[in-house]
Amino acid sequence: MKKLLVIFLLVLSFSPIGNAQKQQVTNHPDRVNWFQDLGFGMFIHWNVDVTLGAVISHSLAGASTEYVEKYINELPKYFNPYKFKPEDWAKMAKLAGMKYVVFTAKHHSGFCMFDTKTTPFNVMNTPLKRDITKELIEAFRKEGIAIGLYFSPEDFYFFHKNNIPIGRLQLPQHFPAKNPSLMAYDKEQLKELLTKYGKIDILFIDGPGDGLREYAWTINPELVITRDLMTTPEQNTPDEPLPRPWEANYTMGTDWQYKPTNDPHKSGTEIINMLVEMRAKGGNFLLNIGPKQDGEIQIEQEALLQEVALWNFANSEAIYAVKPLPIVREDNVWYTQSNDEKYIYAIVRRANWQDWKYGTRKNLVLTHLEGNAQTKVSILGYKSELVEYKDGFDASTYVAPTSIGLVVSAVNGQRFYTNNQWPNAVVLKIENAKFRKLTHTKVTQSTLDGAK
């Protein structure tokens, strides 16, 4: 009898039924590769407190009972973004080169930006009475953009209703794994989000995900979970490349949600340079917008997205489906290489528009690249034949492999601005070249008097 039982268990372990019992514990590797190739995404922070221009959700942490009650009972009455047109957001993201979106379906406040049966504290109980999450997903999916949702396991509304002090990861009750009621509540919301809106590609769990990530994979095993499993620095880019995958999250201004006052924004050049740096270091770049209370993207952020769109329109090849070289940069030149290793991209960042002016030639020595007689160099977006209004001007690109590296002489000849003061990076596409590791000989210093 025991022998039969052992045989049965062995058969079961190799059967589909036995395999079905195995719990998924990490993202599928092929889906991680897919995510890494997306490269650039749009983060969207938007919640019921946008009507006050406040920090999203966090004003509730440690707040008085009177403040919390006022927040819960009054703010939904004012949430009416009548200018909300997710199709416009999606088209802008597509033009800017963003391949995925991550939307705050539920932030820490617990206010759900989707139609849910779990709580009355949701967007359907506002003057808008529209499922914002549904409309946004449909609009971005139509543009071919991968769909990601931000979800907070911590829920300040739930804490308040259950007499739990509102804070972040300060009490056992703040953790779903230690609070069965919160776990059940979160699971029901995740079930809604992962089953009502078609296939969701990415889940950003901003908080303790134990038990929730495993549950999410039972619904969709191909779901890529970013925060909670990946390194996702906020407002910070690592000095050195991190083990892949990783994703840096940045705001355009100083806050995640719309901040109507005192909010200086980054320049378009800063954002483009950040994108270049993150891709050279092997990471993804998730850039945030904070829509206004009426549903429009503020003009400053729309303008920045347009500048990124213009750069990406010419240079996107150097940003997507690429991986880092062993050396990510030398001086102001940043490197990426195509996944198939056929091409190396040398992205020449400029200090300002006068650094490698439009219509002028620049000579570079790329010491970490080794060329040969078949090496070719071109400029993305520019044919290197003519410079507008100049007769008899040699705009050709020259390349020479040397013992000190690959020497390239090229003209910056593509005109983007009327005044020719486009300040952003120029990208060299290099074929039939390879990375070389420089060897350094030991140098000794003479100790003779006068030699130092």
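Scroll up a little and you will see the structure.
The sections below set out a description of the structure shown in this document.

Procedures and definitions
- Residues numbered from 1 in each chain as written.
- Predicted model: local features only at pLDDT ≥ 70, side-chain atom pairs only at ≥ 80, totals over all residues.
- Heavy atoms only, no water.
- Buried < 20%, exposed > 50% of the residue type's maximum accessible area, 1.4 Å probe, protein only.
- Helix = DSSP H or I, 4+ residues; strand = E, 2+ residues; numbered from the N terminus.
- Arc of directions from axis to C-beta.
- Pairing = 2+ DSSP bridges.
- Polar contact = N/O pair within 3.5 Å; in protein donor to acceptor, adjacent residues only side chain to side chain.
- Axes fitted to C-alpha atoms, helices over the stretch in contact; angles between N-to-C directions.
- Salt bridge = Lys/Arg side-chain N within 4 Å of Asp/Glu carboxyl O.
- Contact = heavy atoms within 4.5 Å.
- Parallel < 35°, antiparallel > 145°, perpendicular 65-115°, else oblique.
- Left-handed = near helix turned anticlockwise from the far one by under 90°.
- Nonpolar A, V, L, I, M, F, W, Y, C, P; charged D, E, K, R; others polar.

## Re helix 5 (residues 86-96)
Listed as buried for helix 5 are Pro86, Trp89, Ala90, Met92, Ala93 and Ala96. Along the axis of helix 5, the buried residues cluster in a sector spanning 165°; they form a single face. Taken from the residues just after helix 5, Gly97 is the one with a positive phi, measuring 90°.

## Some thoughts on the sheet that holds strand 3 (residues 146-151)
Overall, parallel pairing links the 7 strands, which are arranged 5-4-3-2-1-7-6 in an open sheet. Strand pairing shows two members of the sheet lacking a second neighbour, strand 5 (224-225) and strand 6 (247-250), which therefore form its edges.

## Structural notes on the side chain of His174
Among the structural elements, His174 can be located in the loop between helix 7 (156-161) and helix 8 (180-195). A relative accessible area of 1% means that His174 is categorised as buried. Only 2.8 Å separates the side chain of His174 from the backbone oxygen of Pro165, close enough to count as a polar contact. A polar contact of 3.0 Å, which involves the side chain of His174, links it to the backbone nitrogen of Gln170.

## A word on the sheet that holds strand 16 (residues 405-411)
Here 3 strands make up an open sheet; going across it, the order is 12-16-15 and the pairing antiparallel. Of all the strands in the sheet, the pair left with one neighbour each is strand 12 (361-366) and strand 15 (398-402). Taken pair by pair, the neighbouring strands of this sheet meet at an average axis angle of 15°, ignoring direction. As judged from the 5 bridges shared by strand 15 and strand 16, these two strands associate in the antiparallel manner. The residue bridging Thr402 from the neighbouring strand is Gly405, located in strand 16.

## So, the pattern of salt bridges
Where side chains of opposite charge bring their charged atoms close, a pairing between them can arise. Taken as a whole and assessed by the stated rule, the structure comprises 20 salt bridges. A salt bridge links Arg168 to Glu154; the shortest N-O distance between them is 2.5 Å. Residue Arg168 is located in the loop between helix 7 and helix 8, and its partner Glu154 is located in the loop between strand 3 and helix 7; the two are separated by 14 residues in the primary sequence. A residue is classified by how much of its surface remains accessible, and Glu154, at 0% relative accessible area, is buried. Measuring nitrogen to oxygen at the nearest pair gives 3.0 Å for the salt bridge that ties Glu388 to Arg415.

## Looking at helix 6 (residues 132-142)
Those residues of helix 6 lying buried are Ile132, Thr133, Leu136, Ile137, Ala139 and Phe140. On an axial view of helix 6, the arc spanned by its buried residues comes to 170°, and they lie on one face. Packing partners of the buried residues in helix 6 comprise strand 1 (40-44), helix 5, strand 2 (100-106), strand 3 and helix 8. Measuring from the backbone nitrogen of Thr133 back to the side-chain oxygen at the start of helix 6 gives 3.3 Å, which picks out Asp131 as the cap. Once helix 6 ends, the next one or two residues include Gly144, with phi positive near 80°.

## Points about unusual backbone geometry
Following Arg244, the chain continues to Pro245 via a peptide bond in cis, the omega torsion being 0°. Looking at where Pro245 falls in the secondary structure, it is placed in the loop between strand 5 and strand 6. Unlike most non-glycine residues, Gln235 shows phi in positive territory, near 55°. Tracing the backbone through its elements, the reader meets Gln235 in the loop between strand 5 and strand 6.

## Remarks on the side chain of Gln189
Structurally, the position occupied by Gln189 is in helix 8. Side-chain polar atoms of Gln189 contact the side chain of Lys106, separated by 2.9 Å. When sequence neighbours within four positions are dropped, the list of residues in contact with Gln189 reads Lys106, Cys112, Phe114, Thr116, Thr118, Thr119, Phe151 and Asp155.

## Considerations on the packing of helix 10 (residues 268-280) against helix 11 (residues 299-315)
In the contact formed by helix 10 and helix 11, the axes pass within 9 Å of each other and the chain directions differ by 50°. As summarised for this structure, helix 10 and helix 11 are arranged oblique, according to the angle between their axes. Crossing geometry of helix 10 relative to helix 11 is assigned as right-handed. Residues Gly268, Thr269, Ile271, Ile272, Leu275 and Val276 of helix 10 form the contact with helix 11, whose participating residues are Leu304, Glu307, Val308, Trp311 and Asn312. Here the contact of helix 10 with helix 11 is built from residues that sort into 7 nonpolar, 3 polar and 1 charged.

Remember that the coordinates give geometry; whether it matters functionally is a separate question.
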